[in-house]
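Here are the chains, one letter per residue:
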Amino acid sequence: MNFQQFAYRNVARNKRKYAAYFVSSAFSVMVFFLCALFIYHPAISQDMILGAAARTMMAAEAIIYLFCSLFVLVSVGSFLQSRKLEFGILLMHGMTKRQLKLMVFLENMMIGSSAILTGTLLGLLLGKLFLMIGSGFLGIEPLEFHLSWQAPVLTICSFVLLFMLISLLTFAFIGSESPHGLFRGGGRGETEPKVSGGLALLSGLLLLAGYALAAATTAATVEIMMFPVVLITVCGTYLFYTQLSLYIVGVLRKLRRFYWKHTHILTFSGLSYRWKDNGRMFFMVTIVSAVSFTSVGVFASIHTLSRELKLDYPAAVGYVAKGGGYVSSEKQDLQGITAELERLDLPYETLRIPLKYAAIVSQTGPDHTKQLPLMSYSNYKLALRHAGFISDEPPLEGNKGLVMIGSQRDRSLTAARFKATYSLKQGIQIQEIGYTQHVPIAEYLLPELDGRGGGDFSGLVVSDSLYNGIVPVHQDWYTGFYMEDFPRTTGVASELAATGKVPYEAKSPFAVVISGTLFEIQRTLYSTMLFASLLVGTVFFIAAGSFLYFRLYMDLDHDRLQYSTLSKMGLTDRELDRIATLQLALMFFVPVLLAVLHSLFAFIALQRLFYLSIAAETGAVLTGYLAAQTLYFFFIRSRYLRNLKKNLI
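Source: prediction; values computed, not measured.

(A) Just the packing of aromatic side chains, in detail. What the rule picks out here adds up to 16 aromatic pairs. Look at Phe240 and Tyr241: their rings are 5.0 Å apart centre to centre, the planes differ by 80°, and that puts the pair in the edge-to-face class. Phe240 gets classed as buried once you look at its relative accessible area, which sits at 15%. When the ring of Tyr319 is compared with that of Phe510, the centres are 5.6 Å apart and the planes differ by 15°; the resulting orientation is stacked.

(B) Spatial organisation of the nonpolar core. Counting residues in hydrophobic clusters, the biggest one holds 101 residues, and the most contacted among them are Tyr21, Phe38, Met57, Met103, Phe159 and Phe588. Per-element accounting of this core gives the leading share, 14 residues, to helix H2 (residues 15–39). Phe38 has contacts with Ile44, Ala53, Met57, Phe130, Leu131, Leu138 and Leu143, leaving out every residue within four places of it along the chain.

(C) Region of the structure containing the side chain of Asp476. Tracing the sequence through the fold places Asp476 in strand S8 (residues 474–482). Although Asp476 is buried, it forms no salt bridge, and the closest oppositely charged side chain is Lys322 at an N-O distance of 7.6 Å. Here the side chain of Asp476 touches Tyr357 through a polar contact of 2.8 Å, side chain to side chain. Polar side-chain contacts of Asp476 include one of 2.6 Å to the side chain of Tyr504. In this structure, Asp476 is in contact with Val320, Ala321, Lys322, Gly323, Ile353, Pro354, Leu355, Tyr357 and Tyr504, ignoring residues within four places of it in sequence.

(D) Quick peek at the side chain of Glu393. With respect to the helices and strands, Glu393 occurs in the loop between helix H16 (377–387) and strand S4 (400–403). It turns out Glu393 is buried and unbridged, and the closest side chain with the opposite charge, Lys381, is 5.0 Å from it. With sequence-adjacent residues up to four places away left out, Glu393 is seen in contact with Tyr377, Tyr380, Lys381, Leu384, Leu402, Tyr435, Thr436 and Gln437.

(E) Layout of the pairing of strand S5 (residues 421–424). Sheet analysis places strand S2 (residues 349–363) next to S5, joined by three bridges and oriented antiparallel. Paired with Gln363 across the two strands is Tyr422, which belongs to S5. With three bridges connecting them, S5 and strand S6 (residues 429–435) associate as antiparallel partners. Along S6, the bridge assignment pairs Tyr422 with Ile430. Between S5 and S6, which pair antiparallel in sequence order, lie four residues; one of them, Gly427, sits at a positive phi of approximately 90°.

(F) Fine view of the packing of helix H10 (residues 222–254) against helix H20 (residues 573–607). Put simply, H10 and H20 touch, their axes get as near as 12 Å, and they point 165° apart. Classified by the angle their axes make, H10 and H20 are roughly antiparallel. Crossing hand, H10 versus H20: right-handed. Across the interface between the two elements, Val222, Thr233, Thr237, Phe240 and Tyr241 from H10 touch Val590, Pro591, Leu594, His598 and Ala605 from H20. Residues of the contact of H10 with H20, tallied by class, amount to seven nonpolar, three polar and no charged.

(G) Quick peek at the environment of Ala215. Within the secondary structure, Ala215 sits in helix H9 (residues 197–216). Sequence separation between Ala215 and Ala605 is 390 residues; the distance between their C-alpha atoms is 6.0 Å. Apart from the residues lying within four places of it in its own chain, the contact partners of Ala215 are Phe601, Ile604 and Arg608.

(H) Region of the structure containing the pattern of salt bridges. Per the counting criterion, the structure on display carries two salt bridges. For Arg352, the salt bridge identified is with Glu330, shortest N-O distance 2.2 Å. Here the residue Arg352 occupies a position in strand S2, and Glu330 occupies one in helix H15 (residues 330–343), the gap between them amounting to 22 residues.

(I) Main features of the packing of H9 against H10. Following both chains from N to C, one finds H9 and H10 inclined at 145°, their axes separated by 7 Å at the closest point. In the packing of H9 onto H10, the handedness of the crossing is left-handed. Touching Gly197, Leu199, Ala200, Leu202, Ser203, Gly204, Leu206, Leu207, Ala209, Gly210, Leu213 and Ala214 of H9 are Met225, Val229, Ile232, Thr233, Cys235, Gly236, Thr237, Leu239, Phe240, Gln243, Leu244 and Tyr247, all from H10. In terms of residue class, the contact of H9 with H10 is made up of 16 nonpolar, eight polar and no charged.

(J) Layout of a nonpolar patch on the surface. Together, Ile156, Val160, Leu161, Met164, Leu165 and Leu168 make up an exposed nonpolar region whose accessible area comes to about 480 Å². Mapped onto the fold, Val160 is located in helix H7 (residues 150–174).

About the criteria used
- Every chain is numbered independently, its residues counted from 1 as its sequence is written.
- Side-chain atom pairs in this predicted model are given and counted only at pLDDT of 80 or more, local residue features only at pLDDT of at least 70, and totals for whole chains, interfaces and linings cover all residues.
- Excluding hydrogens and water, the side-chain figures rest on all heavy atoms present in the structure.
- Note on aromatic pairs: the rings of Phe, Tyr and Trp (six-membered ring only in Trp) are paired at centre separations within 6.5 Å, and the planes decide the class, stacked below 30 degrees, edge-to-face beyond 60, tilted for the rest.
- Partly exposed residues are those whose accessible area sits between 20% and 50% of the maximum for their type, while under 20% is buried and over 50% is exposed, using a 1.4 Å probe and protein chains only.
- Among the buried residues, those of types Ala, Val, Leu, Ile, Met, Phe, Trp, Tyr and Cys that are joined through side-chain atoms within 4.5 Å form a nonpolar core.
- Numbered from the N terminus, helices here are DSSP runs of H or I no shorter than four residues, and strands are runs of E no shorter than two.
- For this analysis, residues touch if any pair of their heavy atoms sits within 4.5 Å.
- Only four residue types enter the tally: Lys and Arg on the positive side, Asp and Glu on the negative side, with His and both chain ends excluded.
- Note on definitions: salt bridges are taken to be side-chain nitrogens of Lys or Arg within 4 Å of carboxyl oxygens of Asp or Glu.
- Polar contact criterion, stated in full: a pair of N or O atoms within 3.5 Å, where within protein one must be able to donate a hydrogen and the other to accept it, and residues adjacent in sequence count only if both atoms are side-chain atoms.
- Following DSSP output, two strands are said to pair if at least two bridges run between them.
- The axes used here are C-alpha line fits, helices contributing only the stretch in contact, and every angle between their N-to-C directions lies in the interval 0 to 180 degrees.
- Between 65 and 115 degrees an angle is taken as roughly perpendicular, under 35 as roughly parallel, over 145 as roughly antiparallel, and anywhere else as oblique.
- Crossings are classed by handedness, with left-handed meaning an anticlockwise turn of the near helix from the far one by less than a right angle and right-handed meaning a clockwise turn.
- Ten residues, namely Ala, Val, Leu, Ile, Met, Phe, Trp, Tyr, Cys and Pro, are considered nonpolar, four, namely Asp, Glu, Lys and Arg, are considered charged, and the remaining ones, Gly among them, are considered polar.
- Here a patch means residues that are over 30% exposed by relative accessible area and free of salt bridges, tied together within 9 Å if like-charged and within 5 Å if nonpolar (Val, Leu, Ile, Met, Phe, Trp, Tyr).
- Each accessible area is a Shrake-Rupley estimate made with a 1.4 Å probe; only the visible protein chains count as cover when residues are assessed.

The structure is reproduced here in structure tokens:
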């Protein structure tokens, strides 16, 4: 038997321990390959709108690769830790440190190469099915199978480099520890885990602070609060597993009425050691699961976001011809849009209204608006009627005005925004008294008010008498084309706006918004994000399961000896099953339930950004994941109990 055969037999002999690691690695390689197959498909890479989908899948590839790097590194470190006794024996029998490192390198490369080969072959077998599913998510014609040379080359080179670097890093895990130290490191420590009451308290305070900040976040502060809330929650989660959970177990052990009742003494006596050994793994599973829940839940809300887009873009095509010195080709542009709509046989209604811009001398509040866009109340009601919106807003009187919201997300910003009073050059004052119930003119078609609180507030609606008495600095003309089936306008006026919009701030004589094109771009983007997040979430789920599977089988020999002793002392199979099931349930469901709690507060914060509720999609995602985790728990429980009872006398 040569050295390579010896390394191979080491892997084959420990195949039960390596099984979950191999499956997870191979699955990650397969998903990476399938994403590459999608990215480099000519129908995707050469299309303007679908190009955004390709870039999203590229981001998913990067996330999968980074996570795999961390997963492989942690897994290899755990494997080496569990084999210290074996390494000590080999060194005692004459193996040199150089040979030991070479053996570990060969073993890792064997597993890695097998995972790369298996994952790539599975990707080839499932490539057609994957492209069909991806086409369904994007709402396009089924993609033909196309194998570009970039997909296998990128996959194989990326993961060969990953496994090679991780294999070289294993030398640092082995280090220069003596055989005697390896012997001691191979046994399971039975010293009482040290717990700090102060750190346990800090963990609880950090988690409560993170949840409180997430719940108190407003739409205007979501972006600012995101990083500190995530940082506080991550630190609190780490301390929960390394300190607070151990402290809680210690408190339970001191409650004699509880601890000495039934089989609680057996259930919780070894829980501190198991929790201490697996704390970092539980931490990773919780954070990864929380990220997965949140991303899938948000992107599963695509239908909600689509309904919101209809409210944000009332006209299927909106066009504003700028005044103030621009040489506008308004007539030609509108004739071109009309011709395209008629060629597509799309029934529509047209509305054309003026928009005045008043010069501002001063205003109250922190903002500094130079020119104020104004719309008359009658034209505002006319725009809502054409859009099919119902409004019960009473007519405006005097110098009062309503701020026009530019999108539904502005609703959550109104509470924090200062209502200003504007002084015009003519000596007229206009006072903001509230906000419009609907979006009269889509964002991008009017300049935003100079607001420091964010949002797309884009002008004021004033009474007809006040509007008629104002002498404008310049005047724009808004033309809207209204129809029921606005998604059919995809690609209309592409020579004016290839990406669906030309914002007012652009150096152009016009501003235009094509709702159908914007809808298609957003639908494609969010569908791809949902598809990518499902793939990444599945990789995370498989990896988290392999972590738990691996840790169970690392302690199997110790647990088998313990349960054999308890069986001889008279415990029944039912009692042994109850003890093992409770310990497994705590290992499986505490990280998942904590991740669900993290995700719920993340959704509470993210809901501030949406006008319509995403609670249904969120609930469906969390329920589905809990159901999958429960099925996985019962599968692992049955296998674990069967292996645990082997050779029991």
